[in-house]
Amino acid sequence: MDTASMLINVAAIMAGLVIYIFISNTKWGHTHQQFQYAIMLMATMAAVLLGGLARWLM
């Protein structure tokens, strides 16, 4: 694995974490705490899409 791919992976993981934390801290996130795993799954899928887009652009 080259350095660019590794940095893209790290950035995608961080993006997923930021998306999850942002959604969890909103009013909507607090009222829908029972869907915590679904929110986490959607944040992870968004990070994967962002990482794939970044790899495609490079």
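Only a predicted model underlies this, so the values are computations on that prediction, with no experimental measurement involved.

(A) Quick look at the overall build of the chain. Secondary structure summary: the chain contains 3 helices and 0 strands in total. Listed N to C, the secondary structure of the chain is α-α-α in terms of helices and strands. Scaling as 2.2 N^0.38, a compact globule of 58 residues should have a C-alpha radius of gyration of about 10 Å, whereas the chain reaches 13 Å, well beyond that. Summarising its shape, the C-alpha atoms of the chain cover approximately 40 × 15 × 15 Å along the three principal directions. The buried share among the 58 residues of the chain stands at 19%. A total of about 4,600 Å² of accessible surface is found on the chain, and carbon and sulfur atoms cover 76% of it.

(B) Structural view of the confidence of the model for the chain. Across the chain, the average pLDDT comes to 92, with 98% of residues at or above 70. No element of the chain has a lower mean pLDDT than helix α1 (residues 3–24), which averages 92, and none a higher one than helix α2 (residues 27–31), which averages 94.

(C) Geometry of α1. Compared with the 32 Å implied by 1.5 Å per residue over 22 residues, the 32 Å span of α1 between its first and last C-alpha is a close match. Ser-5, Ile-8, Ala-12, Gly-16, Tyr-20 and Ser-24 are the residues of α1 that are buried. Around the axis of α1, the buried residues are gathered within 140 degrees of arc, so they sit on the same side. Among the exposed residues of α1, those pointing more than 90 degrees away from its buried face are Thr-3, Leu-7, Val-18 and Phe-22.

(D) Representation of helix α3 (residues 36–57) within the structure. In this model α3 runs 32 Å from its N-terminal to its C-terminal C-alpha over 22 residues, within 8% of the 32 Å that 1.5 Å per residue would give. Every buried residue belonging to α3 is among Ile-39, Ala-43, Ala-47 and Gly-51, and all of these are buried. One side of α3 holds all its buried residues, which, seen down the axis, span an arc of 110 degrees. Along α3, the residues that are exposed and aim more than 90 degrees away from the buried face are Tyr-37, Met-42, Val-48, Leu-49 and Trp-56.

Calculation criteria
Residues numbered from 1 in each chain as written. Predicted model: local features only at pLDDT ≥ 70, side-chain atom pairs only at ≥ 80, totals over all residues. Heavy atoms only, no water. Helix = DSSP H or I, 4+ residues; strand = E, 2+ residues; numbered from the N terminus. Rg over C-alpha atoms; globule rule 2.2 N^0.38 Å. Buried < 20%, exposed > 50% of the residue type's maximum accessible area, 1.4 Å probe, protein only. Areas by Shrake-Rupley, 256 points an atom, 1.4 Å probe, with all protein chains shown as cover. pLDDT = per-residue confidence, 0-100. Expected span 1.5 Å × (residues − 1). Arc of directions from axis to C-beta.

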